Amino acid sequence: MLRTTNCGSLDITAVGQRVVLAGWVQKTRNKGFMLWVDLRDRYGITQIIFDEERTPKAVLELAQTLGREFVIQIEGEVIERESKNPNINTGAIEILADQLQILNPSSIPPFTIENETDGGEELRMQYRYLDIRRAPVRENLIFRHKIALAIRNYLSNNGFIEVETPYLIKSTPEGARDFVVPSRMHHGEFYALPQSPQTFKQLLMVGGMDKYFQIVKCFRDEDLRADRQPEFTQIDCELAFVEQEDILKQFEGLTRHLLKEIKGVEVGDFPRMPYEEAMRRFGNDKPDIRFGMEFTELNKLAQGKGFGVFDSQELVVGIAVPGAAEYTRKQIDALIDWVKRPQVGALGLVWVKCNTDGSYKSSVDKFFNQADLQSWAAASDAQAGDLILVMAGPTQSTRTQLSALRMEIAERLELRDPNTFAPLWVTDFPLLEWDEESQRYHAMHHPFTAPKPEQLDLLDSDPKQVKANAYDLVLNGNEIGGGSIRIHNTELQQKMFDLLGFTKEEAQAQFGFLMDAFQYGAPPHGGIAFGLDRLVALLGGKETIRDFIAFPKNNSGRDLMIDAPTTIANEQLEELALNIRPIN
Ligand code: ASP
């Protein structure tokens, strides 16, 4: 062993021991006759001291050549430190070194490897291995490991078996594009990387595996939005012989277990909210319910009073912002500008101040009298001192815009406390959604999701109305998991593909294997998948998933460290019979 202990474990009780330590030089302080080294490894930092009186001359001289990030081994005696550092657990001691070996020198690192670094994100990503030496990044990876382990233990103790499914598969339509891999042995043919193991886990149910899980990489070639990764990790689960209720209970159990184990937080039964209700009350299918500011629909009260901006609209809807009646004109204008940004795209905002003296002041005083405004305040449960903000327009887009504003205001008012956890189930999602662009239905979850059995008849007459036994687990405004009860018979699956615009031949070519399997005794089944990256980030109290991924890609999908993607050699292209050439 190159060390007898690590850099994070020696305390005052170790004084007098001889130890060998190895690690990285975080920094040195050299006074000529005396030199200190902060020696770092995964476990912490230990101070090493070399001095003229007690250290052999050659050793002190060698110590004077040490630079940042040199890998060294030292041997010496643990002694009590004069000026102690109460912030670290080795702060009471230091090692008086009498031997030193340089195991590997280091070039000067491109940024400081300390908790607070001077390195920008791009640079840190390019040298991610150096970034990982920093305690905050390292601790995030250890945190992720703990969560993954807790998940494995919980599911295993509940009878789930982890089964690996292949990465080289063929397309599964889950709404995104596939990453494809050309086949060398079958020219012109391609594998696809899985967007999820969806069809395989269903086939495992047909195979009788009954309770499956897998912590698994998934790949989606989407236009990258902030904080999305083209490859990400799911906790993928499937169960046979279950109904929706069994799945919700089981995974509520898992989530509660994690919150308790990892955060020490106990939460009660998770509320359940049908999709329609979530949209109506929060304008969003992943509502953050840590705070109020619920939507109030004001059509009845605010239309027909001569205010043209409201009268012709499908929806007039408002929120009451607590204590914001005292906002200045400037502050309100800033909010109006915020909603008009292209990212939100609203046309404007109507505001009503509920003054503490019981009067109302609004941006639409010309059209609405005090009694009108009071009726809005009563409907939206606004108190004296609150500010009501109102938007109008087509239902869906207006809800989306007001929901964005609600979240922004909550952020500004610091209502999104990362240490409060408010999970809920959103249920009863529509089975299908109509896509204007392609003029056809898309599966809201995926094509394998079962319609509610009592609504099967509606599939022919009014498919839009059909709901699915599909559910999302939402935590603090983030969808952390989603799943459904699946179709398990060939005819219904075929019908679903019809509705989604597949010809019989297309459905057969792409999913013949699944529909065949359903003919050999497929059990009723359903499942769910959680996004591990997001879950870890949320439990870690942060919003960015990159912080919890060892080697993440940047916002344009590049790995800056290995520099991928790249072109490949002409020979490789030829072997693959890909006669395309990069353009440059
Ligand atoms: N495969 C689905 C997804 O990745 C999850 C599920 O239905 O289990 O979103």
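Residues numbered from 1 in each chain as written. Predicted model: local features only at pLDDT ≥ 70, side-chain atom pairs only at ≥ 80, totals over all residues. Heavy atoms only, no water.

J.: So what about the nonpolar core? Which residues, and what values?
T.: Within the largest apolar cluster, 71 residues are counted, with the highest numbers of intra-cluster contacts made by I147, I151, L155, I235, F251, W425 and F530. Element by element, the count of residues in this core is highest for helix α4 (residues 135-157), at seven residues. Apart from the residues lying within four places of it in its own chain, the contact partners of F251 are L155, F160, C237, L239, W425, I528 and F530. Ranked by size, the runner-up nonpolar core spans 26 residues in total, among them F295, Y327, W338 and L349. (Core = buried A, V, L, I, M, F, W, Y, C linked by side-chain atoms within 4.5 Å. Buried < 20%, exposed > 50% of the residue type's maximum accessible area, 1.4 Å probe, protein only. Helix = DSSP H or I, 4+ residues; strand = E, 2+ residues; numbered from the N terminus. Contact = heavy atoms within 4.5 Å.)

J.: So, the pairing of strand β14 (residues 350-354): which residues are in play, and what are the values?
T.: Of all five residues in β14, five are buried, a share of seventy percent or more. Residues V350, V352 and C354 point to one face of β14 and W351 and K353 to the other, with burial holding for every one of them. As paired strands, β14 and strand β16 (residues 387-393) are joined by four bridges and run antiparallel to one another. Bridge pairing in β16 places V352 opposite I388. The turn linking β14 back onto strand β15 (residues 360-362) is made up of five residues, and G358 within it adopts a positive phi angle of 90°. (Pairing = 2+ DSSP bridges.)

J.: Residues and numbers for the sheet that holds strand β1 (residues 18-30), please.
T.: Spatially, five strands are ordered β1-β2-β3-β5-β4 in a closed barrel, and the strand pairing comes out mixed. The average angle at which neighbouring strand axes cross in this sheet is 55°, direction not considered. The pairing of strand β3 (residues 44-51) with strand β5 (residues 93-104) spans two bridges and is classified as parallel. Within β5, the residue paired with I49 across the bridge is L96. (Axes fitted to C-alpha atoms, helices over the stretch in contact; angles between N-to-C directions.)

J.: Tell me about the environment of R81, residues and numbers included.
T.: With respect to the secondary-structure elements, R81 resides in the loop between β4 (71-80) and β5. According to the relative accessible area criterion, R81 is buried, its value standing at 10%. Excluding residues within four positions of it along the chain, R81 makes contact with Q47, T90, G91, A92, I93 and E94. Within the structure, the side chain of R81 is placed 3.3 Å from the backbone oxygen of S83, a separation counted as a polar contact. (Polar contact = N/O pair within 3.5 Å; in protein donor to acceptor, adjacent residues only side chain to side chain.)

J.: Residue-level account of the state of the cysteines, with values.
T.: Taken as a whole, this structure holds zero disulfides when the rule is applied. Here C218 is not cross-linked by a disulfide; its sulfur's nearest cysteine counterpart is in C237, at 12 Å. On the accessibility criterion, C218 (0% relative accessible area) is buried. (Disulfide = S-S within 2.5 Å.)

J.: An account of the side chain of N469 is needed here, citing residue identities and associated values.
T.: Looking at where N469 falls in the secondary structure, it is placed in the loop between α13 (458-461) and β20 (470-475). Polar side-chain contacts of N469 include one of 2.8 Å to the side chain of K452. In contact with N469, other than residues within four places in its own chain, are Q244, A450, K452, P453, G483, S484 and I485.

J.: Please set out the pairing of β4 residue by residue, giving values where relevant.
T.: On a regular strand, one side chain projects to one face of the sheet and the next to the other, so that they alternate. Where β1 meets β4, seven bridges bridge the pair, whose relative direction is antiparallel. Within β4, the residue paired with V19 across the bridge is G76. Direction of pairing for β4 relative to β5: antiparallel, over a ladder of 10 bridges. From the neighbouring strand, V78 faces β5, where its bridge partner is I95.

J.: Explain the sheet that holds strand β9 (residues 211-219) residue by residue, including any values.
T.: Pairing in this open sheet of eight strands is mixed, and the strands run β6-β9-β10-β22-β21-β20-β17-β11 from one edge to the other. Only two strands of the sheet have a single neighbouring strand rather than two, namely β6 (161-162) and β11 (272-274). In terms of strand pairing, β11 meets strand β17 (residues 423-427) through three bridges, oriented parallel. Across the sheet, the residue bridging to P274 is T427, located in β17. Contacts from α4 reach β6, β9 and β10 (231-240), with the element oriented near 150° to β9. Strands β9, β10, β11, β17, β20, β21 (478-485) and β22 (525-531) of the sheet are contacted by helix α6 (residues 244-263), whose axis makes an angle of about 30° with β22.

J.: So, the pattern of salt bridges: which residues are in play, and what are the values?
T.: Applying the stated criterion across every chain yields a total of 42 salt bridges. Between E139 and R138 there is a salt bridge, with its nearest N and O atoms 3.7 Å apart. Given the relative accessible area of 40%, E139 is considered partly exposed. Judged by relative accessible area, which is 12%, R138 ranks as buried. (Salt bridge = Lys/Arg side-chain N within 4 Å of Asp/Glu carboxyl O.)

J.: Could you give an account of the packing of aromatic side chains, naming the residues involved and the relevant values?
T.: By the definition in use, this model includes 20 aromatic pairs. Relative to F530, the ring of F251 has its centre 5.8 Å away and its plane inclined at 45°; by these criteria the two rings are tilted. Taken together, the residues span a long stretch of sequence, with F251 in helix α6 and F530 in strand β22 at a distance of 279 residues. Residue F251 shares its accessibility class with F530, and that shared class is buried. Put simply, the rings of F307, F310, F367, F368 and W376 touch in pairs and so form one group of aromatic residues. (Phe/Tyr/Trp six-rings, centres within 6.5 Å; stacked < 30°, edge-to-face > 60°.)

J.: Go over the site of the ligand with me, naming the residues and quoting the values.
T.: Neighbouring the ligand are 14 residues, the closest being Q198, K201, H445, H446 and R486. Within the side chain of S196, an N or O atom sits 3.1 Å from a nitrogen atom of the ligand. Within the contact set of the ligand, an oxygen atom lies 2.7 Å away from a side-chain nitrogen or oxygen of R486. Surface burial for the ligand is 91%, taken as the share of its 270 Å² of free accessible area covered by protein chains. If one sorts the elements of the shell around the ligand by residue count, β22 sits on top with three residues. (Near = heavy atom within 4 Å. Areas by Shrake-Rupley, 256 points an atom, 1.4 Å probe, with all protein chains shown as cover.)

J.: Quick one: what's the story with the side chain of E94, residue by residue and with numbers?
T.: Within the secondary structure, E94 is located in strand β5. No salt bridge is formed by the buried E94, whose closest oppositely charged neighbour, R81, lies at an N-O distance of 4.9 Å. Here the side chain of E94 touches Q47 through a polar contact of 2.7 Å, side chain to side chain. When neighbours within four sequence positions are excluded, E94 is seen to be in contact with W36, Q47, I49, E77, V78, I79, E80 and R81. (Lys, Arg positive; Asp, Glu negative; His and termini not counted.)

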